[in-house]
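# Notes for the structure review
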Amino acid sequence: MGEFAQELMSTTDQTLDEILNLAATHFKVPREKLHADDDFFKTLGIDSLQTLDLLTKLENHFRIELPDYELQGVSDFRTLAGKIQARL
Amino acid sequence: MEAAPADRSGEKALSWVLKDGIIELALHRAPCNELGSVSLAELENFAADLRRMQESAHALVIYSELKSGFCAGADLRELYRRSQEMDKATALRGVRDFLERIHRVLNLIDAAPLTTIAAVHGVTFGGGFELALTCDLIIADKLARFCFPELRLGLIPGFGGIPRLKRDLGNAVVRDLLLTGRSINAVKAQQIGLVSQVVGEGESLRAARATAAQLGKFDRATATAAKRFIKSIPQDELRQEIDLFCELYTRPAVQAGLRKFVESSAAQPYLP
């Protein structure tokens, strides 16, 4: 694996870790229960309105704008991390 | 004059109180203050009372008591149900009548000789966004989100949102929010000039009350004259908006969009 690919993977992992930490804190779920490929609707037990809260938290944390249509069909933390990474 | 709090029992969608020169209008119809026939009738009662109360008030604060947000917009389930229960022409007349009634209320709030503040949190979508846009100031907690999702139903905002947002921020912002249907957060909304203050979670009402108290120190006649000078009501465009909404409402795509929304079990029905 090239240096650039490794660097990209490590920054995406870091983004993923920050998302998991933020979700655990905001929705009061033990951090160790959250995993990259979890369906966050099920794991966090959140509805559509709470999903918007999560989106806002993520935008504020990473200081990005993430149009909500980009999240259509996204339900796992790893894919979410990729979407955020593309905006950083 | 002090008004007693309105009756909070039963199925009331809103209530209001006048205290220390500040009128507070609270929205509290679950799940997220959807604006339908019940809310409209109560808004009309509020409007009638506002004419009386504004003689002894300097500010109006509109807020939601529900955790879910300020207001998710028009009651689409009611709109869909009614469209199914009656013939096309009757349904259209009903829609036009609803729009004209809610425009009268919102125009009254927009032009009220008070300084008006929307204290918002969470979902501030569609008609909820349009209600906030009637106010002179919007104070938002940092989890507030604003959106015009109407295009995914094949409609446009119908409660005066387009002319008011255009008046306040310009055509480019309207195009962005209207044509993409995306939602924006409070920080972005402040950057584009929509929101005057962004505050911490759960702090928007406190901040609005503090602002309203400050406004009471100013000469009322001057504040009213200043508002009248700077804030015009875009009457022509508001009329055109009603006409366009009604024209679009008759199309089959709208019924399909409403049905899709009402019957949706998707985890993200609010995402356009």
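Below or above, wherever it landed, is the structure these notes cover. (Residues numbered from 1 in each chain as written. Chains lettered and ligands numbered in written order. Predicted model: local features only at pLDDT ≥ 70, side-chain atom pairs only at ≥ 80, totals over all residues. Heavy atoms only, no water.)

## Some points on the overall build of chain B
Quick note on the threshold: Think of it this way: any DSSP run of H or I at least four residues long counts as a helix, any run of E at least two long counts as a strand, and we number them from the N terminus. Computation of the radius of gyration draws on C-alpha atoms alone. For the globule rule, the value is 2.2 Å times the number of residues to the power 0.38. Areas reported as accessible are Shrake-Rupley estimates using a 1.4 Å probe. Residue values count occlusion only from the protein chains shown. Just so you know, the count uses Lys and Arg for positive and Asp and Glu for negative, and it drops His and the chain ends. To locate a charge, take atom NZ for lysine, CZ for arginine, CG for aspartate or CD for glutamate.
Across its full length, chain B holds eleven helices and ten strands. On C-alpha atoms alone, chain B measures out to a radius of gyration of 18 Å, which is about the 19 Å that the 2.2 N^0.38 rule sets for 272 residues. Just so you have it, chain B exposes about 11,700 Å², and 54% of that area is on carbon and sulfur atoms. In chain B, 35 side chains carry a positive charge and 33 a negative one; their mean positions are 3 Å apart.

## Regarding empty space enclosed by the protein
Short version of the rule: As defined here, a cavity is a set of points on a 1 Å grid over the protein atoms alone where a 1.4 Å probe fits but cannot get out. A pocket is an open set with protein on both sides within 12 Å along at least five of seven lines, and residues line them when an atom is within 4 Å of a point. Grid points are joined across faces, edges and corners, and a volume is the space filled by probe spheres set on the points. All amino acids are sorted into three groups, where Ala, Val, Leu, Ile, Met, Phe, Trp, Tyr, Cys and Pro are nonpolar, Asp, Glu, Lys and Arg are charged, and the leftover types, Gly among them, are polar.
Applying the stated criterion across every chain, the model contains three cavities of 30 Å³ or more. A volume near 40 Å³ is recorded for the second largest cavity. Around the second largest cavity sit Glu59(A), Glu65(A), Leu66(A), Pro67(A), Arg145(B), Arg182(B), Ser183(B), Ile184(B), Asn185(B) and Lys188(B), which together line it. Of all the elements, strand E9 (residues 183–185) of chain B adds the most residues to the lining of the second largest cavity, at three residues. Its residues placed into classes, the lining of the second largest cavity shows three nonpolar, two polar and five charged.

## Considerations on the packing of helix H3 (residues 88–111) of chain B against helix H10 (residues 235–249) of chain B
Residues and elements named next belong to chain B. Going by this rule: What counts as an axis is a line fitted to C-alpha atoms, over the stretch in contact for a helix, and the angles between N-to-C directions run from 0 to 180 degrees. Here roughly perpendicular refers to angles of 65 to 115 degrees, roughly parallel to angles under 35, roughly antiparallel to angles over 145, and oblique to all remaining angles. Rotating anticlockwise by less than a right angle from the far helix to the near helix defines a left-handed crossing, while the corresponding clockwise rotation defines a right-handed one. Two residues qualify as a contact provided that any one of their heavy atoms is within 4.5 Å of a heavy atom in the partner residue.
Contact geometry of H3 with H10 gives a least axis separation of 10 Å together with a crossing angle of 155°. On the basis of the axis angle, H3 is roughly antiparallel to H10. Judged by the twist between their axes, the crossing of H3 over H10 is right-handed. Each of Ala91, Leu92, Val95, Arg96, Leu99, Glu100, His103 and Asn107 in H3 lies in contact with H10, whose residues at this interface are Gln235, Leu238, Arg239, Glu241, Ile242, Asp243, Phe245, Cys246 and Tyr249. Taken together, the residues of the contact of H3 with H10 break down into nine nonpolar, three polar and five charged.

## A few points about unusual backbone geometry
Selection rule: A 1.4 Å probe rolled over the protein chains alone gives each residue an accessible area, and that area as a share of the maximum for its type sets the label: buried under 20%, exposed over 50%, partly exposed in between.
The amide bond that connects Ala30(B) to the next residue, Pro31(B), takes the cis arrangement and shows omega of 5°. If you trace the backbone, Pro31(B) turns up in the loop between strand E2 (22–27) and helix H1 (37–53). Not every positive phi belongs to a glycine, and Lys28(A) is a case in point at roughly 55°. Relative to the elements of secondary structure, Lys28(A) occurs in the loop between helix H1 (3–26) and helix H2 (40–44). Lys28(A) sits in the exposed class, given a relative accessible area of 72%.

## Section: the interface of chain A and chain B
Note the cut-off: Values labelled buried area give the accessible surface lost by two parts on being combined, using a 1.4 Å probe and summing over both. Between Lys or Arg on one side and Asp or Glu on the other, a salt bridge is scored when a side-chain nitrogen of the former is within 4 Å of a carboxyl oxygen of the latter. The definition of a polar contact used here is a pair of N or O atoms within 3.5 Å, where within protein one atom must be able to donate a hydrogen and the other to accept one, and adjacent residues in sequence count solely through side-chain atom pairs.
Contacts between the two partners involve 19 residues from chain A and, on the opposite side, 21 residues from chain B. For the pairing of chain A and chain B, the buried interface totals around 1,800 Å² over both sides, and the portion due to carbon and sulfur atoms is 55%. Among the residues chain A hides against chain B, the three largest losses belong to Leu49(A), Glu65(A) and Asp68(A). Together they make up 29% of the total. Where chain A meets chain B, there are four salt bridges. Among the ionic pairs, Arg145(B) bridges to Glu59(A), the shortest N-O distance being 2.8 Å. There are eight residue pairs in polar contact (both at pLDDT 80 or more) connecting chain A and chain B. The element best represented in the side of chain A that touches chain B is helix H3 (residues 48–62) of chain A, accounting for nine residues.

## Some remarks on the layout of surface pockets
Residues and elements named next belong to chain B. Its boundaries defined by the atoms lining it, the largest pocket holds a volume of some 850 Å³. For the largest pocket, the lining is made up of 46 residues, of which Leu35, Ala74, Asp75, Leu76 and Leu79 are closest to its centre. The element best represented in the lining of the largest pocket is H3, accounting for seven residues. In this model, the second largest pocket occupies a volume close to 590 Å³.

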